[in-house]
Amino acid sequence: MHALGVPTTRSLALTHLPTLPVLRERVEKAAIVTRVAPSFIRIGSFQALNPPEQMFFLGGGQQSADLDALRILGEYTAKHVLRLDVEEGKPWAKALLMECARRNALMVAGWQVYGFMHGVINTDNVSIMGLTIDYGPFAFMDVYDSAHICNHSDDTGRYSFKLQPTMIIFALRALLSALAPVIGAENSTGAAVAAAWHKDIAEEDLSAWTKDGLSIQQEMESYIMTEFLNEYNKLMRKRLGLRTERDNDFKEIIEPFLGILEQRELDYSAAFRALSRFTPQLLQSAYSLQFEMFLQSLDATSQCAKPDESTEAPAELWRRWLQKFADRIEEEADEWKEHDVDWLKAREKYMLSANPRFVLRQWNRWLLIEFLNPELNEGLPPLTTSKIYHAIKNSVIINFGDAGWGAVGVSLNSKPQSKLGILPLTLNSKILFPYHLPLYPQGWKGAYSNSKSSCYAAYEFGGISSHTKCSSLLWDNKENAGRRY
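Conventions used here
- Residues numbered from 1 in each chain as written.
- Predicted model: local features only at pLDDT ≥ 70, side-chain atom pairs only at ≥ 80, totals over all residues.
- Heavy atoms only, no water.
- Helix = DSSP H or I, 4+ residues; strand = E, 2+ residues; numbered from the N terminus.
- Buried < 20%, exposed > 50% of the residue type's maximum accessible area, 1.4 Å probe, protein only.
- Contact = heavy atoms within 4.5 Å.
- Areas by Shrake-Rupley, 256 points an atom, 1.4 Å probe, with all protein chains shown as cover.
- Pairing = 2+ DSSP bridges.
- Phe/Tyr/Trp six-rings, centres within 6.5 Å; stacked < 30°, edge-to-face > 60°.
- Polar contact = N/O pair within 3.5 Å; in protein donor to acceptor, adjacent residues only side chain to side chain.
- Salt bridge = Lys/Arg side-chain N within 4 Å of Asp/Glu carboxyl O.
- Axes fitted to C-alpha atoms, helices over the stretch in contact; angles between N-to-C directions.
- Parallel < 35°, antiparallel > 145°, perpendicular 65-115°, else oblique.
- Nonpolar A, V, L, I, M, F, W, Y, C, P; charged D, E, K, R; others polar.

Caption draft 1: Structural context of the overall build of the protein. Helix and strand content of the protein: 13 helices and eight strands. Per-residue burial over the protein gives 45% buried out of 485 residues. Considering only intrachain contacts with a sequence separation of at least 6, the fraction spanning at least 24 residues in the protein is 69%. Put simply, the protein shows about 25,200 Å² of open surface, and 54% of that area lies on carbon and sulfur atoms.

Caption draft 2: Representation of the pairing of strand β1 (residues 10-23) in the model. Alignment of β1 against strand β2 (residues 27-36), held across ten bridges, turns out to be antiparallel. Counted as the bridge partner of alanine 13 is threonine 34 from β2. Hairpin connection, β1 to β2: the antiparallel pair is bridged by three residues.

Caption draft 3: Fine view of the environment of proline 91. Within the secondary structure, proline 91 is located in the loop between α2 (67-81) and α3 (93-114). For the pair proline 91 and threonine 189, spaced 98 residues apart in sequence, the C-alpha to C-alpha distance is 9.0 Å. When neighbours within four sequence positions are excluded, proline 91 is seen to be in contact with Val86, Glu186, Gly190, Ala191 and Ala192.

Caption draft 4: Looking closely at the packing of aromatic side chains. Across all of its chains, the model carries 19 aromatic pairs by this definition. Judged by centre distance (6.3 Å) and plane angle (85°), the ring pair of tyrosine 144 and phenylalanine 161 falls under edge-to-face. Taken together, the positions of tyrosine 144 in the loop between β4 (139-140) and α4 (164-189) and phenylalanine 161 in the loop between β4 and α4 put the pair 17 residues apart, joining distant regions of the chain. Residues tyrosine 144 and phenylalanine 161 agree in their burial class; the two are buried.

Caption draft 5: Structural detail: the side chain of asparagine 355. Structurally, asparagine 355 is set in the loop between α11 (343-353) and α12 (362-372). Judged by its relative accessible area of 2%, asparagine 355 is buried. Among the polar contacts listed, one links the side chain of asparagine 355 to the side chain of arginine 239, at a separation of 2.5 Å.

Caption draft 6: Representation of the pattern of salt bridges. Summed over the entire model, instances satisfying the criterion amount to 20 salt bridges. In this structure, glutamate 99 engages arginine 102 in a salt bridge whose closest nitrogen and oxygen atoms are separated by 2.8 Å. Of this pair, glutamate 99 and arginine 102 both sit in helix α3, three residues apart, roughly one helical turn. Overall, arginine 102 belongs to the partly exposed group, its relative accessible area being 26%. Glutamate 348 is paired through a salt bridge with lysine 345; the nearest N and O atoms lie 3.7 Å apart. Here glutamate 348 pairs with lysine 345, and both are found in helix α11, just three residues apart, close to one helical turn. A relative accessible area of 51% means that lysine 345 is categorised as exposed. Here the salt bridges share partners, and the residues they tie into one network are Arg237, Asp249, Arg328 and Glu332.

Caption draft 7: Examining unusual backbone geometry more closely. Phi angles above zero are rare outside glycine, and arginine 83 is one such case at about 50°. Within the secondary structure, arginine 83 sits in the loop between α2 and α3. Unusually for a residue other than glycine, aspartate 134 sits at a positive phi of about 55°. Relative to the assigned elements, aspartate 134 resides in the loop between β3 (116-117) and β4.

Caption draft 8: Quick peek at the packing of α4 against helix α5 (residues 203-214). Where α4 meets α5, the axes come as close as 6 Å, and the angle between the chain directions of the two elements is 105°. Judged on the interaxial angle alone, α5 and α4 are roughly perpendicular. For the pair α4 and α5, contact is made by Leu176, Ser177, Ala180, Pro181, Ile183, Gly184, Ala185, Asn187 and Ser188 and by Leu206, Trp209, Thr210, Asp212, Gly213 and Leu214, respectively. Grouping the amino acids of the contact of α4 with α5 by side-chain chemistry returns eight nonpolar, six polar and one charged.

Caption draft 9: Geometry of the environment of cysteine 150. Along the chain, cysteine 150 falls in the loop between β4 and α4. Once residues within four sequence positions are removed from consideration, cysteine 150 is found in contact with Met117, His118, Gly119, Pro137, Phe138, Ala139 and Gln362.

Interpretation note: all reported values are geometric properties and have no functional meaning in isolation.
Encoded structure:
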């Protein structure tokens, strides 16, 4: 998610707890993911301090509002978390709300562009910073289905892919509801609320402030949709290899493309990769054979493609859209003038850089679960951590065929451009990280395992230029790729 540019918490470690059973549909083994972020404050943190009526919490009972605690949390968040440009003593509540709205609009736009499905977007799972948090029953889109539900317990489709922006708006309405009396009070005085601001205030005055605060709901939602659509269209244009902005891009290019993917049941991510090979000349009659082969490459992205069930012949369906896409590409020829030799090749490279070759597939995760539970799957051989790593890598390679690492026909011994380490941790063991690890908060220098028994932890370090301080922990991308420590 971070590599895609989608705001997210970062994973630090995965710790396997082999002696702790977890009950899902069956008993499985447990693991703990350690994640880091500048803050884990959520919309639900505010909602808990000024809950709506009839809200009940685990353990029973209605939690009473604590409006002064709400003020303290809000002031801290505005100043130290979101770092809003608000003068001391000036109103902060509306600014906090709108900044949270902006950040989450950008986040969910990234979700929709790259086919990420969260699964459980309740207010406790929505970050005040607009970060993707609480990775639970998440998934990336395989065959494109705008109504896909990745959480098998979501019977009504409340968190389906197409409703994710709606559910982010729903969560931000909850934040507005929690902050409404503060916003109203600050509007009435032109100053930040003070300590014990609600004491000795008549109930009707508090109600009036709340009503005044809630009156900005439409303004907030319009702002969210504007930010969302701008970011969505910008990222989609990048995935389509387009550098300039046109007002009708969504209606003429993006929406029809998604419609074809859904109608033809094509793979969402792989279709973008295949589309990067398209050039306008393929539509010329002299290139009819190449055009046919290109269409086959689009259908080959999914075993579910429906070549005979469309109301329109697939070639004509694609040709009509590709003609508009080709016109749009040729409009931008001047944007690539720095690439005089072959601007279409430069454009293809640009498009490939915005479309990931590898996507975490749901079935890959299930494959790993099966491997890690051999007692539930008789006949599967016991696997070492090295075998698990290669099994996952190979299953990805089989499903994608592009140049470079991961290409069909390329030796499986070729070395990926990442550094992954899996190592046993024993009692009170300490792992020292290089100081320049791209993790936040800054200053992390180590991690400890206090488990009473050995466990395993996996670490991925991106962008490390030197292995001098942790060479014994890594599979580096030079001479030691694939070695297990």
